[in-house]
Amino acid sequence: MSTHVIKPGWFTVNVFNRAVSWLTRRGISVWGSRVLAVRGRTSGQWRTTPVNLLTVDGQQYLIAPRGHVQWTRNMRAAGGGELRLGRKAEAFTATEVADDDKVPLLRAYLKRWKAEVGVFFKGVGPDSPDADLRRIAPDHPVFRITVTN
């Protein structure tokens, strides 16, 4: 498994993520944003982070543009969590998508959010060949979300 991680900078942590989370907690989705809540794999405490919820062919996905970060590790351990928008919280289970199946999902994600997250994909964009998307697939966990409530 890849150990690829791009840590967020000060501006992302202290300004951007807080602003998006603040809006999302008040029910305002910023380009599909949700607040992901997942139990910590060691503490069992709820951990939250803003995410972009991708929908492809009626199925929902979470993609980790920064790689194998804390929320992805917690998701693997917990097997699911909650997606929050305002007062609405949807419980879900998560199934990790195999690297060979990520290409169309990464392409759709980059088409939607390249301006926001493109820098994390090593120069690969929505119009890149499948081989390039397949090459970076191990660095970006993808989870299929199944709402349970």
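Structure first, text after, so check above.
Note that the structure is a prediction, hence the values are computed from the model and not measured. (Residues numbered from 1 in each chain as written. Predicted model: local features only at pLDDT ≥ 70, side-chain atom pairs only at ≥ 80, totals over all residues. Heavy atoms only, no water.)

Asker: I'm lost on helix α3 (residues 103–117) in this one. Help?
Answerer: Because each turn of an α-helix spans 3.6 residues, side chains separated by three or four positions end up pointing in the same direction. Taking 1.5 Å as the rise per residue, α3 with 15 residues should run 21 Å; its terminal C-alpha atoms sit only 16 Å apart, a clear shortfall. The largest bend along α3 reaches roughly 60° and is located at K111. Residues of α3 that are buried: V103, L105, L106, R107, Y109, L110, W113 and V117. Contact partners of the buried residues in α3: β2 (46–56), β3 (59–63), α4 (130–136) and β6 (142–147). (Helix = DSSP H or I, 4+ residues; strand = E, 2+ residues; numbered from the N terminus. Expected span 1.5 Å × (residues − 1). Bend = angle between axes of the 7 residues up to and from the residue. Buried < 20%, exposed > 50% of the residue type's maximum accessible area, 1.4 Å probe, protein only. Contact = heavy atoms within 4.5 Å.)

Asker: Just checking my understanding: could you explain the pairing of β6 for this structure?
Answerer: Taken residue by residue, a regular strand's side chains alternate between the two faces of the sheet. Where β3 and β6 come together, four bridges link them in antiparallel fashion. The residue of β6 that forms the bridge with Y61 is R144. Bridge count for strand β5 (residues 88–96) against β6 is five bridges, and the pairing is antiparallel. Bridge assignment links A94 to a residue of β6, and that residue is I145. (Pairing = 2+ DSSP bridges.)

Asker: Before we go on, may I ask you to explain a nonpolar patch on the surface in this structure?
Answerer: On the surface, a nonpolar cluster with roughly 450 Å² of combined accessible area is contributed by W10, F11, V15 and F16. Within the secondary structure, F16 is located in helix α1 (residues 10–25). (Patch = residues over 30% accessible without salt bridge, like charges linked within 9 Å, V, L, I, M, F, W, Y side chains within 5 Å. Areas by Shrake-Rupley, 256 points an atom, 1.4 Å probe, with all protein chains shown as cover. Salt bridge = Lys/Arg side-chain N within 4 Å of Asp/Glu carboxyl O.)

Asker: Is there a simple way to think about unusual backbone geometry in this case?
Answerer: Comment: phi is negative for the bulk of residues other than glycine, and the bulk of peptide bonds are trans. At D57, a residue that is not glycine, the phi angle is positive and equals roughly 50°. Along the chain, D57 turns up in the loop between β2 and β3. Unusually for a residue other than glycine, K122 sits at a positive phi of about 55°. One can find K122 in the loop between α3 and α4.

Asker: How should I be thinking about the environment of L133 in this particular structure?
Answerer: Tracing the backbone through its elements, the reader meets L133 in helix α4. Take L133: its relative accessible area is 0%, and that puts it in the buried class. Residues within four places of L133 in sequence aside, it is in contact with V103, L106, R107, L110, V124, G125 and S128.

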